[in-house]
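Observations on the three-dimensional arrangement
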Amino acid sequence: MEERHKRILQRNRVNLVRDLNPSDMYHGLLSEGIFTQDMIDEIKSSGIRQDQARQLVRDLETRGSLAFPALIECLHETGQHSLAELLLDGEPQNQPLPQSVHVRPVVRPLPVYSPMDTVKPVQVVTPVYPTQSVKAMPTTPIPCTVARKTPEREFGKPRATGRVRRDSIQSYKMDANPCGHCLIINNVDFEPKSELSKRTGSNIDCEKLERRFKSLNFIVLVKRNLKQKQIKQELSALSKKDHSQYDCCVVIMLSHGTEVCNNRFPGAVHGVDGPNVPVQHITNYLNGQNCLSLQGKPKIFFIQACGGGYVSWRDTQAGSWYVETLDNILEENAATDDLVTMLMMVSHEVSENSANGLYKQMPGSFNFLRKLLYFQALPCQRPILS
């Protein structure tokens, strides 16, 4: 959100908290793409009406330049005209408001302060929009909201000093033992009627990720070669588990994919029988409405699949570039860096690894993080090679 709009909200915060009816606003802000369902669920869980109004206004300040005009529009649509006029009184009369359009989620974690009161830079993930598609090999990742940004220090080298883990408004609580559930669906052998090729090398990816997330203190469940209906059944079973004693949930999809029309998640994952499950549906299984025990907790989705012309290179002996890079970054940086920072490292390294300069790969991950997330980094036992 622009600074002038933030100042308007801050000047009128008392009136907004006193008079705003947030329950009337949720549908409009969701349909405009300003908030995700998980964010709305968390606002609802913040307390009484005044608490929800306070949280809604605070969150709006993190949602980009279109959040303010969307707020004004929703206030008018819900009959809260006096509040809309109050906010517009702070706008320059000769400067029109931008038109409201659909946007994808933007993750803006807050800074974390070290024991020495030094400030860690804010890391921002913004949408990436591919400008053109290319003819791809059979397996490619779904386009995602991961930015391409080069961190200030050299990739692959952790900081010399450690950090203090703590639960606050700035970072998620991540000290449960175990941390949470991790479901990995690995589709390799596709039925002939699907007309999809065998995903040779995917088992290597699966083994790496299983080992890695066990080292991060997750309960890992691996399911192989699932049909579309079976994928839905496993996701439904995961949503029905009691997550109240855990802090996080991870879903990893390794399969063929395709592009589908969706403003937020333009992609889908195939079952081995051919039919697909849209990524939007995959994420919905774990939202606050379908999984109450995960309300307000981080849900993370990693997708290694094609998405309609965005190439993903997979070596039959070493696995995919994406998973290999993700595994290495997690091993070397999970003890010191938050997840968003590590995903930017992965995005940078994978996109730089082009094949003869002809193709680029952009990794796929989806999350709805509103705070910094630090994994529990435990020693990981690598396999002994003979």
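The structure displayed is predicted, hence computed values, not measured ones. (Residues numbered from 1 in each chain as written. Predicted model: local features only at pLDDT ≥ 70, side-chain atom pairs only at ≥ 80, totals over all residues. Heavy atoms only, no water.)

Another point: the confidence of the model for the protein chain. Per-residue pLDDT for the protein chain averages 76, and the proportion of residues at 70 or more is 68%. Under a pLDDT of 50 for its full length, residues 93–167 has, in the predicted model, 208 contacts with residues more than four places off or in other chains. Scored below 50 in pLDDT, residues 380–386 makes 10 contacts in the model with residues more than four places away or belonging to other chains. (pLDDT = per-residue confidence, 0-100. Contact = heavy atoms within 4.5 Å.)

Bringing helix α11 (residues 321–333) into the picture now. Here α11 is 13 residues long and its end C-alpha atoms lie 18 Å apart, about the 18 Å a rise of 1.5 Å per residue gives. Of all the residues in α11, the buried ones are Tyr322, Val323, Thr325, Leu326, Asp327, Ile329, Leu330 and Asn333. (Helix = DSSP H or I, 4+ residues; strand = E, 2+ residues; numbered from the N terminus. Expected span 1.5 Å × (residues − 1). Buried < 20%, exposed > 50% of the residue type's maximum accessible area, 1.4 Å probe, protein only.)

It is the contact of helix α4 (residues 37–44) with helix α5 (residues 49–60), at a shortest axis distance of 8 Å, that shows an interaxial angle of 145°. Of the residues in α5, those touching α4 at Met39, Ile43 and Lys44 are Gln52, Gln55, Leu56 and Asp59. A breakdown of the residues in the contact of α4 with α5 according to their chemical character gives 3 nonpolar, 2 polar and 2 charged. (Axes fitted to C-alpha atoms, helices over the stretch in contact; angles between N-to-C directions. Nonpolar A, V, L, I, M, F, W, Y, C, P; charged D, E, K, R; others polar.)

To continue, consider the packing of aromatic side chains. Across all of its chains, the model carries 4 aromatic pairs by this definition. Consider the rings of Phe213 and Phe218, whose centres lie 5.7 Å apart with planes at 75°: the pair is edge-to-face. The burial state of Phe213 is the same as that of Phe218; both residues are buried. Both rings, one in Phe213 and one in Phe302, keep their centres 5.9 Å apart while their planes meet at 55°; by these two values the pair is tilted. Here Phe302 lies in strand β7 (residues 299–304) and Phe213 lies in helix α8 (residues 202–215), a separation of 89 residues in the sequence. In this structure, Phe213 and Phe302 share a single accessibility class: buried. Three or more aromatic residues link up through ring pairs in this structure, and these residues are Phe213, Phe218, Phe302 and Phe375. (Phe/Tyr/Trp six-rings, centres within 6.5 Å; stacked < 30°, edge-to-face > 60°.)

Here the focus is the state of the cysteines. Going through the model one piece at a time under the given rule, you end up with 0 disulfides. Looking at Cys206, it has no disulfide partner, and the nearest cysteine sulfur is the one in Cys182, 9.4 Å off. Left without a disulfide partner, Cys249 is nearest to the cysteine sulfur of Cys248, which lies 7.0 Å away. (Disulfide = S-S within 2.5 Å.)

Take the nonpolar core next. With 35 residues, the main nonpolar core has Phe213, Phe218 and Phe375 as its most contacted residues. Only β1 (180–186), α8, β2 (218–224), β3 (248–254), β7, α11 and α12 (339–352) provide two or more residues apiece to this core. The element contributing the most residues to this core is α12, with 8 residues. (Core = buried A, V, L, I, M, F, W, Y, C linked by side-chain atoms within 4.5 Å.)

Turning our attention to the side chain of Gln52. With respect to the helices, strands and loops of the structure, Gln52 is situated in helix α5. On the basis of relative accessibility, which here comes to 14%, the residue Gln52 falls in the buried class. Within the structure, the side chain of Gln52 is placed 3.5 Å from the backbone oxygen of Lys44, a separation counted as a polar contact. (Polar contact = N/O pair within 3.5 Å; in protein donor to acceptor, adjacent residues only side chain to side chain.)

Pairing between β1 and β2: 7 bridges, direction parallel. Paired with His181 across the strands is Ile219, a residue of β2. Taking the sense of rotation as the criterion, the β-α-β connection linking β1, α8 and β2 turns out right-handed. (Pairing = 2+ DSSP bridges. Right-handed = clockwise from strand over helix to strand, strands pointing away.)

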